[in-house]
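Each chain, written out:
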Amino acid sequence: MVMRLATALAAVLALTSMPAIAQAPAPEVCKACHASSYETYNAHKHGTKADARTPANRGECATCHGDGTEHVKAGGGRGVGGIVNPGSKTLAAEAKNSICLTCHQGGKRIHWAGSKHATRDTACVSCHQVHTTRDRVRDKATQTEVCFSCHKDKRVEINRPSRHPIPEGKVACSDCHNPHGTAGPALLVRDSVNDTCYQCHMEKRGPFVRPHNPATEDCAICHNPHGTTNAFLLKARLPFLCQQCHEPTSHRGQIASRTATSTGAGTLARGCENCHTNIHGTNNPANISNERTFRR
Amino acid sequence: MTFNPRHAVPLTAVAAALLAAFGSAAGQAADTSPDPTKPESELSVGAGYVTKDNGRFGQYNGLRDEGLYGLIDFNVVRREDATGTWLRFLGRNVGLEHRELRFDHNRQGNWGYFLEFSQIPRYEPYTVTSAVSGIGTPNLTIPSTSTAGSPVELKTRRDRIGLGFDKQLPGNWDLQVRLRNEEKEGARLWARGTAGGGVVGGPVFGSFEFAPEPIDSTTRQLEATIGYTGDKLQLSGGYYGTMYDNHHNGLNFTGGLAALSSFTPIALPPGNQSHQVHLSGGYSFTPTTRASFKVAYARATQDDAFVTGVNVPLAPGVGNNLQGRLDSTLAQIRVTARPLPKLSLLASLLHDDRDDKTPILRYNTLATGTSTFNGDNEPHSFKTTTGKLEAGYALPVGFRLSGGIDQERRKHNFSPVRVVSSREKTDETSYRAELRRSMSETVTGALSYVHSDRDGSPFLTTTLNNGTPGSNLVHPLHLADRERDKVRLMVNWQPTSPLSIQLFADHAQDKYSGRALGPREGEAQTYSLDASYTFSDRWQATAWITRSDTRIDQSSCVNAGTTGVCPATAASPVWDASLRNVGDSFGAGLRGKPYGVLEIGADLQYSDIRDEYRQRAVTPGATITPLPDVNTRLTRLNLSAKHALQKNTGIRLDYIYDRYSTDDWTWTTWTYADGTRVLEAPVQKVHFIGARYYYRFQ
């Protein structure tokens with residue numbers, strides 16, 4: 001307690017000894033009570049004085065936290081003296097974000113206003129840590145920890161047996177999604193589901209002599225990219241998945257079975273793909289029945 | 001104990017290089033206390049041991065075989081304060097197969113560039129034994145009789161190199177260039193087959209042969225963007241180009257069954273490319289009114305040479321490639337406003353047009369009247385228009401009520417000869433309401449409800465080449481009439497400062513209609529409870545539990561007639577399937593500092609997943625043999641301890657226990673005609689022990 005009082009007093013003395021032209025307390029004043037924040041700020045890009053755009057050249061701590069003069073005079077305390085804390089739970093997300101958007105409005109954040117995260121009161125600091133040299137959400141290895149704090153269903157799905165290498169840190173949420181808003185659906189980094197998938201799976205793009213229309217239109221009709229128990233992240237086991245669209249003529253309506261009949265051929269091993277090899281489409285110019293059914 | 005030489009080279013080389021490059025600086029730093037206002041670097045070197053060969057644990061990191069592996073990670077960060085010049089050299093998992101390296105050099109607010117390298121292995125999680133030869137090449141030789149084979153490792157690996165350049169230009173303009181090149185090589189599980197032919201070997205139902213797809217391709221992406229950031233106006237426009245080059249265009253076969261002799265060559269994915277120009281922008285008319293937009297035009301082409309050796313006579317005029325061309329146009333605009341302090345409004349419109357302009361040619365003249373093809377290629381075009389209106393109103397005590405209407409209209413083209421029902425248009429309208437509380441020291445959360453209704457133009461009947469209607473019984477999943485109701489609740493509760501609790505509940509229900517067969521109902525539920533407790537500055541604990549449950553009910557018919565009449569007899573019944581996936585998962589974590597120089601961590605995650613395939617005869621008298629459930633259980637325990645030897649050095653120990661078990665019957669009874677077996681160990685237990693020395697410096 002004595003130490004805290006002494007620190008507060010030191011801060012007040014430092015403030016009162018500042019030149020009269022100062023508009024807000026210098027960082028060294030803030031340091032007296034917020035040493036850790038001061039240190040990480042200085043080690044951070046925000047504290048880089050050589051960059052004219054940074055808070056280091058725009059008013060230091062006051063750039064984001066407002067003028068702390070009254071806060072210091074009052075001896076500190078949460079919200080005392082009108083100090084702004086973007087991490088506060090009682091400050092509106094829009095007010096918090098307006099601080100960050102003062103400088104970070106362009107580029108990938110052009111579509112922030114009206115995006116799903118913006119309209120759901122997500123604050124920049126809900127995901128980003130500012131007073132650190134290592135922001136968890138900007139590191140592929142730890143990014144999911146942040147996203148899963150809200151997206152609980154995805155936390156489970158990425159650990160399903162059929163999945164992307166997300167737990168290994170080789171694919172991150174931000175490889176497919178731009179959480180700051182996009183023009184297309186589901187905050188995807190490209191303009192559609194397929195355009196996003198093609199970044200890594202360009203062989204599926206075609207166009208083919210014989211396309212499989214659902215695959216051309218939306219990969220997510222058949223696949224759940226976050227993970228499933230079915231091979232190739234399929235939403236359902238074959239033949240059931242195929243039977244959700246295909247007419248039951250010939251063998252297509254057969255009951256799934258493990259027995260040594262032709263029905264088993266659509267159920268075991270690769271299921272329907274035991275024969276229908278080129279399921280995303282074929283570029284074979286023969287273009288007869290075997291191509292219509294993606295068999296070669 | 002074995003050592004994996006393929007992981008060894010970078011281990012020593014990188015460590016030596018780093019110590020040589022940064023050794024002197026590190027030595028200086030060791031003499032003084034670190035300055036917390038300066039960026040800090042870290043290097044760690046050690047070794048880890050995997051106790052057992054496995055299929056799942058090492059699927060994406062290469063830790064597949066029992067043995068010793070190198071553990072090297074580093075993150076060198078330097079800042080020259082006078083100029084604001086940063087240098088960062090990151091190495092992650094350098095001794096393992098999923099390694100990545102990144103060198104980043106920039107003058108903050110002025111220029112920057114980076115070079116990065118990343119590998120992503122993917123091992124097939126099965127044990128394959130095969131006598132098929134030529135795996136990984138476009139020429140396979142298949143034994144004509146069932147033959148005992150030898151172990152085959154099926155894997156692919158992506159090797160990526162990325163380059164980037166940034167430059168801040170005068171007048172609030174900036175330039176960004178990104179280039180990525182990826183080489184992908186290996187082979188993946190593939191097959192060819194037909195229902196006809198003889199039965200060879202074990203329980204083979206027709207004629208099926210193991211035919212791994214050879215993977216040898218290059219993917220390139222180039223993006224150059226110029227941006228402007230003003231107080232009110234922001235712009236971002238540029239070029240995005242992609243290129244996919246498959247070094248194989250067909251898979252050829254020698255040998256194999258006579259019944260499959262016509263299934264060669266199998267075409268492999270063709271090379272293709274795309275070029276997009278785009279412009280995005282945003283303008284803030286007032287502090288509370290803003291508009292943003294995006295326009296983009298792309299042209300994707302595919303002119304890769306057709307596979308040769310096709311055993312069907314091509315019609316005159318067919319060239320050596322498809323001349324494929326897909327033009328895409330996207331236009332989007334969104335306006336947000338807050339006309340009153342408590343009222344916020346949003347309106348947006350998106351139009352996405354995918355126009356496949358590939359010329360339609362008759363590739364063969366083999367079709368008869370009853371053929372389900374006419375010899376033409378079938379370009380697929382579609383348009384999507386999405387509109388959205390939303391309003392939100394701030395209520396007392398930090399609550400906010402919002403509501404909105406979304407509408408999506410899709411238009412598809414269709415081919416004159418069809419075997420699957422199509423629809424020219426689908427329309428889906430969604431109504432949303434949400435009550436949210438975001439500002440509170442103790443309780444925040446949201447309750448939302450969405451009702452969606454999808455319908456569309458009449459289903460197009462399937463038709464044969466002569467125009468005769470085919471079977472028209474199924475409404476395809478993505479085109480069917482659908483009513484969807486979705487409720488979601490999320491509550492964050494912090495009853496006391498150290499304790500926080502989070503509840504998440506999501507329930508969605510779908511009802512499909514339109515035709516006699518196809519999907520009927522769907523349901524998806526997720527319930528999750530999280531808790532975290534901070535005992536002190538030194539100890540924190542977390543725990544969570546989640547249940548997810550999805551189900552879809554669908555119906556079909558055995559041997560429906562070609563004109564779409566389901567016999568509905570005991571021999572050819574109508575039947576239903578109820579497919580359900582139920583997963584129970586929980587996790588727990590503990591972080592602590594028992595004393596000054598020791599940090600420990602423990603994380604446990606467990607999942608128990610059950611897949612059900614309940615099939616039921618709707619037609620009386622029919623019998624159906626049930627399919628067994630598939631149960632999958634995953635356990636992962638991570639323990640770590642970090643012991644500081646000095647202020648900037650220490651030792652870190654890691655232990656991982658990974659257990660995977662399944663009773664999946666997908667491959668258990670399957671033998672390819674060539675004798676290939678594909679199996680998975682039903683229980684896989686792996687222990688990993690790692691020890692490393694870390695060193696921090698400035």
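Chains are numbered independently. Their residues run from 1 in the order of the written sequence. Following the order in which they are written, the chains are lettered starting with A and the ligands numbered starting with 1. With pLDDT at 70 or above as the cut-off, local features in this predicted model cover only qualifying residues; side-chain atom pairs require 80 or more to be listed or tallied, and sums for whole chains, interfaces and linings still use all residues.

## A short note on the overall build of chain B
Here is step 1: The helix and strand labels rest on DSSP assignments: H or I over at least four residues marks a helix, E over at least two residues marks a strand, and numbering proceeds from the N terminus. Summing up its helical and strand segments, chain B has one helix and 36 strands in all.
Here is step 2: In terms of principal-axis extent, the alpha carbons of chain B reach across some 85 × 70 × 55 Å.
Here is step 3: Our exposure labels follow a C-beta count within 10 Å of each residue's own C-beta, placed from the backbone: buried means 20 or more other C-beta atoms, exposed means 12 or fewer, and partly exposed covers the counts in between. Counting all 698 residues of chain B, 33% fall into the buried class.

## Observations regarding the sheet that holds strand 35 (residues 677–679) of chain B
Residue and element names in this part refer to chain B.
Here is step 1: Taking strand neighbours across the sheet as the criterion, the three strands line up as 8-6-35 in an open arrangement whose pairing is antiparallel. Only two strands of the sheet have a single neighbouring strand rather than two, namely strand 8 (150–152) and strand 35. Sheet twist, expressed as the average angle between the axes of neighbouring strands with direction ignored, equals 30 degrees.
Here is step 2: Pairing between strands is defined by DSSP: at least two bridges between them are needed. Across three bridges, the pairing between strand 6 (residues 127–130) and strand 35 is antiparallel. Only the contacting stretch of a helix is used when fitting its axis, a line to C-alpha atoms as for every element, and angles between N-to-C directions run 0 to 180 degrees.

## Quick word on the pairing of strand 32 (residues 598–617) of chain B
Residues and elements named next belong to chain B.
Here is step 1: Where strand 31 (residues 574–595) and strand 32 come together, 19 bridges link them in antiparallel fashion. In the strand pairing of strand 32, Leu 590 is matched with Ala 602.
Here is step 2: Between the end of strand 31 and the start of strand 32, which pair antiparallel, lie two residues.

## Let's talk about the interface of chain B and chain A
Here is step 1: Each partner contributes residues to the interface: chain B has 138 residues there, and chain A has 91 residues.
Here is step 2: Among the residues forming the side of chain B that touches chain A, the class breakdown is 61 nonpolar, 61 polar and 16 charged. Here, residue contact means that the backbone-derived C-beta atoms of the two residues sit within 7 Å. Residue classes follow a fixed rule: Ala, Val, Leu, Ile, Met, Phe, Trp, Tyr, Cys and Pro count as nonpolar, while Asp, Glu, Lys and Arg count as charged, and any other residue, Gly among them, counts as polar.

## With respect to helix 6 (residues 93–101) of chain A
Residues and elements named next belong to chain A.
Here is step 1: Within the sequence span of helix 6, burial applies to Ala 93, Lys 96 and Asn 97. End-on, the buried residues of helix 6 take up no more than an arc of 90 degrees, which puts them together on one face.
Here is step 2: Residues of helix 6 that are buried make contact with helix 8 (124–127). Think of it as the arc spanned by the lines of direction from the helix axis to the C-beta atoms.

## Looking at the sheet that holds strand 15 (residues 250–255) of chain B
Residues and elements named next belong to chain B.
Here is step 1: Spatially, the three strands line up as an open sheet ordered 7-15-16, and their pairing is mixed. What marks the edges here is a single partner per strand, and that holds for strand 7 (139–142) and strand 16 (266–267).
Here is step 2: Pairing of strand 7 with strand 15 involves four bridges; the strand directions are parallel. Note on strand 15: the bridge partner recorded for Leu 140 is Phe 253.

## Concerning the environment of Phe 535 of chain B
All names here are of chain B.
Here is step 1: Among the structural elements, Phe 535 can be located in the loop between strand 29 (518–534) and strand 30 (539–557).
Here is step 2: Residue Phe 535 is classed as exposed on the basis of its C-beta count, with 11 C-beta atoms lying within 10 Å.
Here is step 3: With 36 residues separating them along the chain, Phe 535 and Leu 499 place their C-alpha atoms 8.8 Å apart.
Here is step 4: Every residue in contact with Phe 535, bar those within four places of it in the chain, is listed here: Pro 498, Gln 540 and Ala 541.

## Considerations on unusual backbone geometry
Here is step 1: In this chain, Gly 206 of chain A is followed by Pro 207 of chain A through a cis amide linkage whose omega measures -5 degrees.
Here is step 2: Note on placement: Pro 207 of chain A falls in the loop between helix 12 (193–198) and strand 1 (210–211).
Here is step 3: With an omega of -5 degrees, the peptide bond between Thr 264 of chain B and Pro 265 of chain B qualifies as cis.
Here is step 4: Counting through the fold element by element, Pro 265 of chain B comes out in the loop between strand 15 and strand 16.
Here is step 5: A positive phi angle, near 60 degrees, is found at Asp 121 of chain A, a position not held by glycine.
Here is step 6: For Asp 121 of chain A, the location among the structural elements is in the loop between helix 7 (116–119) and helix 8.
Here is step 7: With 22 C-beta atoms packed within 10 Å, Asp 121 of chain A lands in the buried category.
Here is step 8: In this structure, Ala 269 of chain A takes a positive phi of about 50 degrees despite not being glycine.
Here is step 9: Within the element layout of this structure, Ala 269 of chain A appears in the loop between helix 15 (262–265) and strand 2 (281–282).

## Overview of the confidence of the model for chain B
All names here are of chain B.
Here is step 1: Averaged over every residue, the pLDDT of chain B is 93; residues scoring 70 or more account for 94%.
Here is step 2: A score from 0 to 100, pLDDT tells how confident the predictor is in each residue. Contacts of residues 5–12 to residues separated by more than four positions or lying in other chains number 14 contacts, the stretch itself having pLDDT below 50.
Here is step 3: Note that pLDDT drops below 50 for residues 23–30; the model gives that stretch seven contacts with residues more than four away or on any other chain.

## Re the pairing of strand 25 (residues 443–456) of chain B
Residue and element names in this part refer to chain B.
Here is step 1: One ladder, built from 12 bridges, connects strand 24 (residues 425–437) with strand 25; its direction is antiparallel. Across the sheet, Arg 437 pairs through a bridge with Gly 445, a residue of strand 25.
Here is step 2: The antiparallel pairing of strand 24 with strand 25 creates a hairpin that spans five residues between the two strands.
Here is step 3: Two elements, strand 25 and strand 27 (residues 481–496), share 12 bridges in a ladder whose sense is antiparallel. By the bridge assignment for strand 27, Tyr 449 is matched with Val 487.

## Quick look at the nonpolar core
Here is step 1: The biggest cluster of nonpolar side chains holds 26 residues, and the ones touching the most others in it are Ala 236, Phe 240 and Leu 241 of chain A together with Leu 473, Cys 557, Cys 566 and Leu 579 of chain B.
Here is step 2: If you list the elements that add at least two residues to this core, you get helix 14 (240–243) of chain A together with strand 30 and strand 31 of chain B.
Here is step 3: Among the elements that make up this core, the one with the highest residue count is strand 31 of chain B (four residues).
Here is step 4: With residues up to four places along the chain from it excluded, the contact list for Cys 557 of chain B reads Pro 248 and Gly 253 of chain A together with Leu 473, Leu 517, Cys 566, Ser 572 and Val 574 of chain B.
Here is step 5: A set of buried Ala, Val, Leu, Ile, Met, Phe, Trp, Tyr and Cys residues, joined through C-beta atoms within 7 Å, is what we mean by a nonpolar core. Membership of the second largest hydrophobic core comes to 20 residues, among which are Ile 142, Phe 208, Leu 251 and Leu 257 of chain B.

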